[in-house]
Every structure is written in structure tokens, then in C-alpha cells.
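Working through the structure, step by step
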Amino acid sequence: MDVRAAVALEAGKPLEITTVQLDGPQAGEVMVEIKATGICHTDEFTLSGADPEGLFPAVLGHEGAGVVVDVGPGVTSVKTGDHVIPLYTPECRTCPSCLSRKTNLCTAIRATQGQGLMPDGSSRFSLEGKPLFHYMGTSTFANYTVLPEIAVAKIREDAPFDKVCYIGCGVTTGIGAVINTAQVEPGAKAIVFGLGGIGLNVIQGLRLVGAEMIIGVDINPAKKEWGERFGMTHFVNPNDVEGDLVPYLVDMTKKGADQIGGADYTFDCTGNVTVMRQALEACHRGWGQSIIIGVAPAGAEIATRPFQLVTGRVWKGTAFGGARGRTDVPRIVDWYMDGRIEIDPMITHTMPLTDINNGFDLMHAGESIRSVVVY
Ligand code: NAD
Ligand code: 022
Ligand code: ZN
């Protein structure tokens, strides 16, 4: 069938909004009418050509929400009419990784997903008879897409698509990093580096679990107000700090009998390896944990003195906030619908598919927290 899509024809060029062909769902697959999709950094990373694994031509997009319109043979967990959020981290519940309970990185369809293909090794999308690659197993920059059954989370039907699409990446990544990866406890002291769409969700996750001190760090002074809006208790602009940032932050966290200082938890939400080092070293000796969320440029490396780890600081990373999508995403939608977390104020821009390239420009210029395309 004909569908409308924003196609990445080649690296470094704007997306082309055009009509493409989409084949129906095969065994174990579902067709979803995408109602809304967020625009996220990794789409831009791939489109720019900086992603060494980027494939072209492709239908990008990984932060969507929509309705199941058709299911292939053997599909049992969802049916036509169900509301769903696509998952770039699937949850099969039967692979060794899912069964381990130690990771959310399901391996059931990993190889083909990375090759831009469906699990049977083919593509459902084509343009003028030539196949288009899928992207992150989701391809939400089209008003219809086909996904493996294990890559959709069924959600409640009263949730607004233009808001809960953000749970498909940014919200779950930020809140999940706090709850699943760091397992922050009430009363904890935390530092969040980078107050974009991810860092703000880390902040609201910290507020949700009852962290006592939530320090936000950003070189953009406009982010102070944004952080405070979601529960940040202190703001630091590194450009306003005389001397080194790390001792300044460690000093802020000193209290009472504990004159060592350092945060219980820190989060890198910048993707900058210098910031990642600061985040580790701003952790408390003996137990502080630093969580890397930001995706660094291809080939980048991190460094610190081994002494930092020998003295008990822990470096961790997280993908999709450690969330098991089919299990955790519907619960996060409930939290939003119950008013326990906020999404609406973070969606600073909405636009039709024809204006999607403007959404990329706004993200590039740092003018948006989140832009959402509404189909
Ligand atoms: P963003 O660009 O909106 O926000 C980044 C913020 O960091 C900006 O406010 C910027 O001013 C600030 N910043 C830049 N350099 C800084 C510095 N040296 N010190 C302090 N602050 C600095 O980006 P985002 O949407 O919030 O995403 C953040 C990162 O998270 C990206 O790298 C993205 O790819 C990554 N991400 C990872 C996952 C995952 O599963 N691990 C999921 C989603 C996003
Ligand atoms: C989403 N991300 C950044 C902004 N929005 C993002 C990027 C990469 C990952 C997670 C989130 C990620 C971390 C670890 C992996 N990925 C590898 C997972 C694995 O090997 O099992 C990752 C993911 C998907 C893809 C590439 C890398 C892909 O489909 N192309 C989850
Ligand atoms: Zn994303």
C-alpha cells in the first residue's frame, strides 16, 4: 500500500517527504498506523552521516505511538485496534538475555535490526521498486510501519499519542536510568549533566523516587528554569565556576559529619566524554555511581585514573533506561495518565510531517526540548 514517509535518501541531505510502498505484516509482525513521532538526536546522528552504521536510503524515526491496523500469522499478544508504542529495544521474553533478568538488551532480532531489515532478512518498505532500509526496527517517520510483534508495547487507549510517543525513547530513557539502572533511593544526592530532553527526564525521575538534592549542570543558562520546572534543587553553569568544576560540585554535596563529599549518583546526558569523566569523579568515594546515558561520537574514548574506581566509584551505562519495553512502557504511560510524571511541557514544538526538517533544525539549534510530528 501507499504510505507517506520522510525518507533519508542519503547522508547529509534533508529528509524527502514522499509516498513510499509498504508491504503487509508477515508471520510474527504487525502493521501500525503511526499517529505521532518524536524527533530525537540519534535520528539526526544517522541522517548527518556521522553514524558509521547508518544505512541509506532508509525510513528513520524511533519515538512513535499508534494503532495496530493489521497482524500477520501467529501474532497473539496484540490485535487490530490496540494502541501501541514501538520499541527499538524489543522484549521477546525467551532469549538468553531476557531470561537472564540482568539486562534489557534482548537479542532475538538484534542482527537483522542492525542491518535495517525485518527478522526474515527483507524490508517491507520500498520506493520506486527499490527497498528502503528500516531504522532501529521502528521507522516511525512514516504514517504506517511494520514491526515485529516483540517490538511493540500495548498501552491504554485513553493516552494521547502526541504526548506518549515521547515514552518511546526520551522519557523512558531518563526515568528508567534513575529507577532501573541506578536504582536511586529516597534521600539520595544526584548530579545531572546536560539538561536537554534526557536530562530533564532524569530530573523528574529523581523527584519521583524522592532524591533530596538534585544538582543540574549545563553550559546553557536558559536550562536553569527548565531544570527547576521538573524538580532540580541546584543549578551549576560550568562557565560561571572559578577553578575546577569537580571539586566545586563535590563541595556542594558535603554535609554534616561527612566531609568527603561527592554525589551518590551522577548522570551524563551530554554524550561528551570530558563531561563523562567529570560525572564519574564527582561521585562519592566508596559508593558513588555514574551512569552514562549520552551517546558519544563514533570512536570516542573515556578516561579516568583507575584510583577513581579502586576507591569504589562505579561507571555504568544504560540503553533505553534499562527498561523492558513490553513490561515497563505501559506502566510509564499509566504514571503519565495518573499525573505522577509530566510530559506536556517538554513537547515544545509540534508539526505536520511536511515540516519535519524544521524539527531537525530546532533540535540542532538547541531551541526545542522535543519536537513531535503529528500525522
Ligand atoms: P540535548 O542536546 O537536548 O541536551 C544536551 C544538553 O547538554 C544541552 O542542554 C547542552 O547545553 C548540554 N551540554 C552540552 N555540553 C555540555 C557540557 N560540556 N557541560 C554541561 N552541559 C552540556 O540532548 P538530549 O536529547 O537530552 O540527549 C542527550 C544524550 O542522550 C544524547 O547523546 C542522546 O543521543 C543520548 N540518548 C541516549 C539514550 C540511551 O538509551 N542511552 C537514549 C536517548 C538519548
Ligand atoms: C536513542 N538512542 C540515542 C538517542 N535515542 C540510543 C542509541 C543507541 C542505543 C540506545 C539508545 C544503544 C545502546 C546499546 C545498543 N544500542 C546496542 C544494543 C545491542 O547491541 O543489543 C543500540 C540500539 C539499537 C540500535 C543500535 C544501537 C539499532 O537498532 N540500530 C538499542
Ligand atoms: Zn531517541
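One structure accompanies this document, and this report is about it. (Residues numbered from 1 in each chain as written. Chains lettered and ligands numbered in written order. Predicted model: local features only at pLDDT ≥ 70, side-chain atom pairs only at ≥ 80, totals over all residues. Heavy atoms only, no water.)

1. Some remarks on the overall build of the protein chain
Within the protein chain one finds 12 helices and 18 strands. Relative to the globule expectation of 21 Å for 375 residues, the C-alpha radius of gyration of the protein chain, 21 Å, shows essentially globular dimensions. Here the C-alpha coordinates of the protein chain stretch approximately 65 × 40 × 40 Å along the principal axes. Expressed as a percentage of the 375 residues in the protein chain, the buried residues total 55%. Within the protein chain, contacts between residues separated by at least 24 positions form 70% of all contacts whose residues are at least 6 apart in sequence. Carbon together with sulfur atoms contributes 51% to the accessible area of the protein chain, which is approximately 15,600 Å² in total. Side-chain charges of the protein chain comprise 30 positive and 42 negative groups, with the mean position of each set lying 7 Å from the other. (Helix = DSSP H or I, 4+ residues; strand = E, 2+ residues; numbered from the N terminus. Rg over C-alpha atoms; globule rule 2.2 N^0.38 Å. Buried < 20%, exposed > 50% of the residue type's maximum accessible area, 1.4 Å probe, protein only. Contact = heavy atoms within 4.5 Å. Areas by Shrake-Rupley, 256 points an atom, 1.4 Å probe, with all protein chains shown as cover. Lys, Arg positive; Asp, Glu negative; His and termini not counted. Charge placed at Lys NZ, Arg CZ, Asp CG, Glu CD.)

2. Some thoughts on the site of ligand 2
Around ligand 2, a shell composed of C40, T42, H62, Y88, T89, L105, R110, Q113, M136, C169, V295 and A319 is seen. At 3.2 Å from a nitrogen atom of ligand 2 is found a side-chain nitrogen or oxygen belonging to H62. Between ligand 2 and the protein, one listed contact pairs an oxygen atom with a side-chain N or O atom of Q113 at 2.9 Å. Contact with the protein chains removes 69% of the 640 Å² of surface that ligand 2 exposes when unbound. When its residues are assigned to classes, the shell around ligand 2 shows 7 nonpolar, 4 polar and 1 charged. (Near = heavy atom within 4 Å. Polar contact = N/O pair within 3.5 Å; in protein donor to acceptor, adjacent residues only side chain to side chain. Nonpolar A, V, L, I, M, F, W, Y, C, P; charged D, E, K, R; others polar.)

3. A few points about the pattern of salt bridges
Should the charged atoms of two oppositely charged side chains come close, the side chains can pair. Inspection of the entire model under this criterion finds 18 salt bridges. Taking the shortest distance from any N to any O, the salt bridge between R124 and E29 comes out at 2.8 Å. Taken together, the positions of R124 in the loop between α3 (110-114) and β7 (125-127) and E29 in strand β3 (residues 29-39) put the pair 95 residues apart, joining distant regions of the chain. You can call R124 buried: its relative accessible area is 3%. It is possible to trace a salt-bridge network through shared partners that takes in E29, D120 and R124. (Salt bridge = Lys/Arg side-chain N within 4 Å of Asp/Glu carboxyl O.)

4. Brief notes about the coordination of the zinc ion (ligand 3)
Every protein donor of the zinc ion (ligand 3) is listed here as C40 (SG), H62 (NE2) and C169 (SG), and their distances to the metal cover 2.1 to 2.3 Å. For the zinc ion (ligand 3), the 4 donor atoms in the first shell make angles of 97 to 129 degrees at the metal, a pattern classed as tetrahedral. Read N to C, the donor residues that coordinate the zinc ion (ligand 3) are spaced as C-x21-H-x106-C. With C40 in the loop between β3 and α1 (41-48) and C169 in the loop between α4 (161-164) and α5 (170-182), this residue pair connects regions lying 129 residues apart in the sequence. Overall, C40 belongs to the buried group, its relative accessible area being 8%. (Donors = N, O, S within 2.8 Å, 3.2 Å for Na, K, Ca; no water. Tetrahedral: all angles 85-135°; square planar, octahedral: opposite > 155°, others 65-115°.)

5. Notes on the packing of aromatic side chains
For the structure on display, the rule yields 3 aromatic pairs. Judged by centre distance (5.0 Å) and plane angle (55 degrees), the rings of Y88 and F320 are tilted. Of the two residues, Y88 is situated in the loop between β6 (83-86) and α2 (96-100) and F320 in the loop between β16 (314-317) and α11 (325-337); the sequence distance between them amounts to 232 residues. With respect to class, Y88 is no different from F320; both count as buried. Measuring from ring centre to ring centre gives 6.1 Å for F141 and F360, while their planes differ by 80 degrees; the resulting arrangement is edge-to-face. You can see F141 sitting in the loop between β8 (130-131) and β9 (144-148) and its partner F360 sitting in helix α12 (residues 356-364), a full 219 residues away along the chain. Sitting above the plane of the F230 ring, R229 keeps its charged end 5.3 Å from the centroid. (Phe/Tyr/Trp six-rings, centres within 6.5 Å; stacked < 30°, edge-to-face > 60°. Lys NZ or Arg CZ within 6 Å of the ring centre and 35° of its normal.)

6. A word on the environment of Q278
For Q278, the position within the fold is in helix α9 (residues 273-281). Non-local contacts of Q278, meaning those with residues more than four positions away in its chain, are made with F193, L245 and V246.

7. Things to note about the side chain of N201
Here N201 is to be found in helix α6 (residues 197-209). Under the relative-accessibility criterion, N201 is labelled buried at 0%. In this structure the side chain of N201 is engaged in a polar contact, spanning 3.3 Å, whose partner is the side chain of Y166. If we skip the residues at most four places from it in the chain, N201 touches Y166, G170, V171, G174, I175 and M346.

8. So, the site of ligand 1
The full set close to ligand 1 counts 24 residues, and I198, D218, I293, T318 and F320 are the nearest of them. Between ligand 1 and the protein, one listed contact pairs an oxygen atom with a backbone N or O atom of G197 at 3.0 Å. Between ligand 1 and the protein, one listed contact pairs an oxygen atom with a side-chain N or O atom of K223 at 3.0 Å. For ligand 1, the protein covers 81% of the area, taking 880 Å² as the surface of the free molecule. Residue composition of the shell around ligand 1, by class: 12 nonpolar, 9 polar and 3 charged.

9. Some points on the packing of α5 against α11
Following both chains from N to C, one finds α5 and α11 inclined at 100 degrees, their axes separated by 11 Å at the closest point. Here α5 lies roughly perpendicular to α11, going by the angle between them. In this structure, α5 uses V171, T172, I175, I179 and N180 to contact α11, whose residues at the interface are D328, V329, I332 and W335. Classifying every residue of the contact of α5 with α11 gives 6 nonpolar, 2 polar and 1 charged. (Axes fitted to C-alpha atoms, helices over the stretch in contact; angles between N-to-C directions. Parallel < 35°, antiparallel > 145°, perpendicular 65-115°, else oblique.)

10. What about the sheet that holds strand β14 (residues 265-268)?
The sheet built from 6 strands is open, its strands ordered β13-β12-β11-β14-β15-β16 with parallel pairing. Whereas interior strands pair on both sides, the edge strands pair on one side only; in this sheet they are β13 (234-236) and β16. Strand-to-strand twist of the sheet, defined as the mean angle between neighbouring strand axes without regard to direction, takes the value 20 degrees. As defined by bridge partners, strand β11 (residues 189-193) adjoins strand β12 (residues 213-217) across 5 bridges and the pair is classed as parallel. Within β12, the position partnered with K189 by the bridge is M213. Relative to β11, α6 is tilted by about 170 degrees, and along the sheet it contacts β11, β12 and β14. (Pairing = 2+ DSSP bridges.)

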